[in-house]
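# Topology and contacts: notes
Here is how the chains run, residue by residue.
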Amino acid sequence: MDLSILLSSPLNPPIRNPTRRSRKLYPPFVTMATSGDSISAQNKPPKLVTFIGKGGSGKTTASVLASKYYASEGLRTCLVVHSQDPTVELLMGCRLLNTPTECGTNLFAVKLETSKMILEPLERLKKVDASLNLTQGILERIVGEELGVLPGMDSFAPVLALQNLINLFSKEKESSNKEYDVVVFDGISSEETLRLLGATERARSYLKYVKDLAEKTDIGRLTSPSIIKLVYDAVKMHGRRSEGKTSSEIWIEIEGLIEKTSLWLTNHKNFGCYIVMDLTQLTSVSAALRYWGCAIQAGTHVSGAFGFLPQLSSVEKGASEKFSPLPFSILPLDSSVDSLNSSAKELLRSTSQCKYSSVCFDAKEKLVTLFMPGFDKSEVKLFQYRGGLELLVEVGDQRRIIKLPGNMQGKVAAAKFVDRNLIVKLR
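The name an unreviewed UniProt entry assigns to the protein chain is P-loop containing nucleoside triphosphate hydrolases superfamily protein, from the organism Rhynchospora pubera. Its UniProt record gives the protein chain the following Sequence similarities (unreviewed entry) comment, quoted word for word: "Belongs to the arsA ATPase family."

Take lysine 322: it is sitting in helix 11 (residues 314-322). For lysine 322, the residues in contact, after removing those within four places along its chain, are Leu282, Val285, Leu289, Trp292 and Arg420.

If you check helix 10 (residues 282-297), its first and last C-alpha atoms are 23 Å apart, about what 16 residues at 1.5 Å a residue would give, namely 22 Å. Among the 16 residues of helix 10, 12 are classified as buried, and the element is accordingly described as predominantly covered. Burial in helix 10 covers these residues: Ser284, Val285, Ala287, Ala288, Leu289, Tyr291, Trp292, Gly293, Cys294, Ala295, Ile296 and Gln297.

Glancing now at the state of the cysteines. This structure, assessed with the given rule, holds one disulfide. At a sulfur-sulfur separation of 2.2 Å, the disulfide partner of cysteine 94 is cysteine 103. Taking the torsion about the sulfur-sulfur bond, which here is approximately 60 degrees, the covalent link between cysteine 94 and cysteine 103 counts as right-handed.

With that settled, consider the environment of glycine 93. The topology assignment puts glycine 93 in the loop between helix 2 (87-92) and strand 3 (101-104). Residue glycine 93 is classed as exposed on the basis of its relative accessible area of 65%. Between the C-alpha atoms of glycine 93 and cysteine 103, which are 10 residues apart in sequence, the distance is 7.4 Å.

The pairing of strands in a sheet happens through backbone hydrogen bonds and is either parallel or antiparallel. The eight strands lie next to each other as 3-4-2-5-1-6-7-8, forming an open sheet whose pairing is mixed. The sheet terminates laterally at strand 3 and strand 8 (328-331), the two strands that pair on one side only. In this sheet, adjacent strand axes meet at a mean angle of 30 degrees when their direction is disregarded. Pairing between strand 6 (residues 271-278) and strand 7 (residues 302-308): six bridges, direction parallel.

Our focus in this paragraph is the sheet that holds strand 12 (residues 390-395). Spatially, three strands are ordered 11-12-13 in an open sheet, and the strand pairing comes out antiparallel. Looking at strand neighbours, the two that pair on one side only are strand 11 (380-383) and strand 13 (398-403), the edges of this open sheet. Taken pair by pair, the neighbouring strands of this sheet meet at an average axis angle of 20 degrees, ignoring direction. Relative to strand 12, strand 11 is paired through four bridges, and the arrangement is antiparallel. Bridged to valine 380 within strand 12 is valine 395. Lying over the sheet, helix 10 contacts strand 12 and strand 13, oriented at roughly 50 degrees with respect to strand 13.

Each regular strand shows side chains that alternate between the opposite faces of the sheet. Here strand 13 shows a clear split, with Gln398, Arg400 and Ile402 buried on one side and none of Arg399, Ile401 and Lys403 buried on the other. Across six bridges, strand 12 lies against strand 13 in antiparallel orientation. Looking at the pairing, glutamate 394 lines up with arginine 399 of strand 13. Adjacent in sequence and paired antiparallel, strand 12 and strand 13 are bridged by two residues, among which glycine 396 carries a positive phi angle near 60 degrees.

All right, on to the packing of helix 6 (residues 190-197) against helix 10 then. How two helices pack is summed up by the angle between their axes together with the distance between the axes. Relative orientation of the contacting elements helix 6 and helix 10 amounts to 20 degrees, with a least axis distance of 9 Å. When the interaxial angle is binned, helix 6 and helix 10 end up roughly parallel. The two elements helix 6 and helix 10 meet at a crossing, and its hand is right-handed. For the pair helix 6 and helix 10, contact is made by Ser190, Glu191 and Leu194 and by Tyr291, Cys294 and Ala295, respectively.

With that out of the way, let us pick up the packing of aromatic side chains. Overall, the coordinates contain eight aromatic pairs when judged by the stated rule. Between tyrosine 69 and tyrosine 70 the ring centres are 5.8 Å apart and the planes differ by 50 degrees, which places this aromatic pair in the tilted class. Of the two residues examined, tyrosine 69 and tyrosine 70, each falls in the buried class. Summarising the aromatic geometry, the rings of tyrosine 274 and phenylalanine 306 are spaced 5.5 Å apart at their centres and angled 50 degrees between planes, so their arrangement reads as tilted.

Here the focus is helix 5 (residues 153-166). The end-to-end C-alpha separation of helix 5 is 21 Å, in line with the 20 Å expected for 14 residues at 1.5 Å each. Taken residue by residue, helix 5 has Ala157, Pro158, Ala161, Leu162, Leu165 and Ile166 as its buried positions. The buried residues of helix 5 occupy an angular sector of 135 degrees when the element is viewed end-on, so they sit on one face. Summarising the contacts, the buried residues of helix 5 are in contact with strand 1 (48-52), strand 2 (77-81), helix 3 (114-117), strand 5 (182-186), helix 6 and helix 9 (247-266).

Thresholds, definitions, all that
- Residues numbered from 1 in each chain as written.
- Predicted model: local features only at pLDDT ≥ 70, side-chain atom pairs only at ≥ 80, totals over all residues.
- Heavy atoms only, no water.
- UniProt positions renumbered as here; feature names shortened; annotations may be inferred.
- Helix = DSSP H or I, 4+ residues; strand = E, 2+ residues; numbered from the N terminus.
- Contact = heavy atoms within 4.5 Å.
- Expected span 1.5 Å × (residues − 1).
- Buried < 20%, exposed > 50% of the residue type's maximum accessible area, 1.4 Å probe, protein only.
- Disulfide = S-S within 2.5 Å.
- Pairing = 2+ DSSP bridges.
- Axes fitted to C-alpha atoms, helices over the stretch in contact; angles between N-to-C directions.
- Parallel < 35°, antiparallel > 145°, perpendicular 65-115°, else oblique.
- Left-handed = near helix turned anticlockwise from the far one by under 90°.
- Phe/Tyr/Trp six-rings, centres within 6.5 Å; stacked < 30°, edge-to-face > 60°.
- Arc of directions from axis to C-beta.

Encoded structure:
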């Protein structure tokens, strides 16, 4: 049911508003540092950091600057670049390879090349297939170096790289992979980064339907046990093999992995997402506001906002007010760590959650308030399925499913925009 026409309803409800020690791995759960403090084991930044913003607004420059800052504070840092743009090499002063390259003290960088990254999972598939004999030798005859990159493959490359660097999926305390205190990810584009961050929620929906096909159809029951074991062993989830596991146990483990990843990314102490803009360009500031809203739609909590500005002026104050309640700071144009002001350093190492809620429920008034900065009411469409148990919000190419509490489930009666908030009245 398309409920977008309800956005013009005359509803008028209230708005609710360290230096790294040898061979010791510090947990990413930390507290916010006070201004002037250096980074230590007690106030480390998030484990994974990324920046989003309009192309040309300084996203890559901010990634390099943040990486240099973390490394200068004694944190073993790796900058992951998913682009063939040579800007990072110029700013870092070193040539990047498809394996981590040391660019300075505590500072490493790697350039993702999808055509090379697909070789490793293909080789694992071949080895597993050789033991299962599922494809009867067809996989073995595939020459990985001959395969080009198809549309969509670029979206999976960062997943493989980040897993290797962060060991997100591994249950083992020790790993042969080198541990980094901070990983800074600079994606191909903000859109791709947001799709990557929202992938776990989307994967949960797809997995449910794929599981139904595998368990409730004749062809699924016939083929899925072998296929799922092939994929499981090729991916090497938790470093384990499928031997001795039933299909049901593997499905449960996959669901648990998706849930774990989703919880990890939504924990502001593990993951920091920052908005970047060029304050001299109105289009850059407008795009930043929209990306803030898109990040919320993708299920990501934005930690703060940065603006590039040649010199301090009233522009900074205006931008700070636009992005309230996000913490806001200015970044230097020269990508020099020495030029970072204290507020920028504090924001980069902060793991305190910004106090804004993306969704609020008022059971008494039966109101759902959705915080949607950067969007206009004409862009929003509301849908309801499953008898009013959920509310689907669509803006642009982002869809978000809001599960309604039991005491608020019902049909939408009206909706309207008030001060960056979409307020939905249920009946």
